[in-house]
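Analysis of the macromolecular model
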Amino acid sequence: MITDIRTVNHQLEKPKFKNPKDVVTWMGAIQGQDYNMAKWAVGIRLKNGRLSDVEEALRKGEILRTHVMRPTWHLVAAEDIRWMQKLTGTRVKAIVESYSANYFEISPELHKQCYDLLGKILEGNNGLTKQEILEKMNQEGLTIDTHQLGHQLAYGEADAFICSGVDKGKKATYALLDERVPFTPELTKEEALARLARNYFQSHSPASLADFVWWSGLPITEARQGIALMEGEIIANGLTAYKRVADKLTIEKQPEQNLYVHSSCPVKPAKSKSIHLLPSFDEYLISYKDRTAALQLDHHPKAFTNNGIFYPVIVSNGKVIGNWKRTLKKNTVKVETSVFEPSYVLDEANLQKAISRYEKFLFE
């Protein structure tokens, strides 16, 4: 039952969006360490997903790739990037700064030099790859290596200073956020918490408070506040109060923990009979602290590693039952599959539909 509802909310079953930006907005954010796989994470959630459409949305800046929430890459809609960075950026910047100082020997002086120079070389919508930025900084006399630069770029993203630019061929670039994204009205912290909670639970229900904390990177007190604000409760904030007449959550009691279900969720969705070839780091797994609803506990190591590397997986009837890998050649793709247990059987017709869908995404 849980996975039947989740596959619909994740837009894996009966997707309702045609536009890449709309599906990213619905999801709140889509994790994006593997840039190419993140594009498929958007495409698989569209009615007729095509790589060219996703890349065009990225080119236009309707979708951006940046470090937000947890200190990792996500795809977010342009309209959401500023309020999300304002809400979560302070924590992410603190984590990046700690790593930078302790592991990469980035002093406050080096950080300021790098930051000032970054603004100078990117000014004028001058989107540059990481390697191009490194070369220009070295040309300007700033000695910095690729690992140090990577942490400076992550800090700049969390600081709402830079974001993804227009790709150069198959290489991602960086650009100044203020040149890439039109200004949008600011949200109060209460409005931002309510919106983040709504975005998560509308697209990820059923989910627990712990799941939301994990996905958002928020302290548990702020996560609780976001849920309460989303439901329209009055929360005191100094001398003011905020009320949002909004979405509602119902509670589904479980032996281990209670799950919240958003009011927009289908009450009795049809049992999923489809097969989905999910990309690495897909939201269907990575966005939950407890993943046992979709993935048997003893199969966890086959889907992701202890240090957070998530593999491409096969979902059949809402359950993660195997892995897949691709071999790309000119205008063709070969997909190989494997299942976790001999008893798991992939319906051949549905598997071919899933493969055909991926082929169409890549080549149409």
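So, a few notes on the structure that sits alongside this text. Computed from a predicted structure; not experimentally measured.

**Overview of the packing of aromatic side chains**
The relative placement of two aromatic rings is captured by the distance of their centres and the angle of their planes. Counted according to the given criterion, the structure contains 14 aromatic pairs. Between Phe17 and Trp26, the ring centres sit 5.8 Å apart and the planes meet at 50 degrees, which makes this aromatic pair tilted. Of the two residues, Phe17 and Trp26, neither departs from the other in class, the shared state being buried. Measuring from centroid to centroid gives 6.5 Å for Tyr358 and Phe361, while their planes differ by 15 degrees, and the two rings are stacked.

**Observations regarding helix H15 (residues 348–363)**
Given a rise of 1.5 Å per residue, 16 residues ought to cover 22 Å, and the 22 Å separating the end C-alpha atoms of H15 matches this to within 8%. Listed as buried for H15 are Asn350, Leu351, Ala354, Ile355, Tyr358, Phe361 and Leu362. With its buried residues spanning 140 degrees around the axis, H15 presents them on a single face. Looking at the buried side of H15, the elements it contacts are helix H3 (35–43), helix H4 (51–60), strand S10 (275–278), strand S12 (319–329) and strand S13 (332–339).

**Concerning the pattern of salt bridges**
Within the structure shown, the criterion is met by 14 salt bridges. Among the salt bridges present, the one from Lys39 reaches Asp167, with a minimum N-O distance of 3.8 Å. You can see Lys39 sitting in helix H3 and its partner Asp167 sitting in the loop between strand S4 (162–164) and strand S5 (174–176), a full 128 residues away along the chain. Asp167 gets classed as partly exposed once you look at its relative accessible area, which sits at 25%. Two residues, Lys60 and Glu56, come together in a salt bridge whose shortest N-O distance is 3.9 Å. A residue pair is termed a helical-turn pair when its members lie 3 or 4 positions apart in one helix, as Lys60 and Glu56 do in helix H4 at four residues.

**Remarks on the sheet that holds S12**
With antiparallel pairing, the four strands of this open sheet are ordered in space as S10-S11-S12-S13. Because the sheet does not close on itself, it has two edges, and the strands there are S10 and S13. Each strand of the sheet is rotated relative to its neighbour by a mean of 30 degrees, with strand direction disregarded. By the bridge criterion, four bridges tie S10 to strand S11 (residues 313–316) in an arrangement that is antiparallel. Note on S11: the bridge partner recorded for Leu277 is Ile314. Along the sheet, H15 contacts S10, S12 and S13; its crossing angle with S13, the most-contacted strand, is approximately 145 degrees.

**Structural notes on the sheet that holds strand S1 (residues 30–31)**
Strand order across the open sheet formed by three strands is S1-S3-S2, with antiparallel pairing between neighbours. In the strand order of this sheet, the two ends are held by S1 and strand S2 (63–68), each with one partner. On top of the sheet, helix H2 (residues 20–27) reaches S1, S2 and strand S3 (72–77); it is set at about 120 degrees to S3, its chief contact.

Definitions and limits used
Residues numbered from 1 in each chain as written. Predicted model: local features only at pLDDT ≥ 70, side-chain atom pairs only at ≥ 80, totals over all residues. Heavy atoms only, no water. Phe/Tyr/Trp six-rings, centres within 6.5 Å; stacked < 30°, edge-to-face > 60°. Buried < 20%, exposed > 50% of the residue type's maximum accessible area, 1.4 Å probe, protein only. Helix = DSSP H or I, 4+ residues; strand = E, 2+ residues; numbered from the N terminus. Expected span 1.5 Å × (residues − 1). Arc of directions from axis to C-beta. Contact = heavy atoms within 4.5 Å. Salt bridge = Lys/Arg side-chain N within 4 Å of Asp/Glu carboxyl O. Pairing = 2+ DSSP bridges. Axes fitted to C-alpha atoms, helices over the stretch in contact; angles between N-to-C directions.

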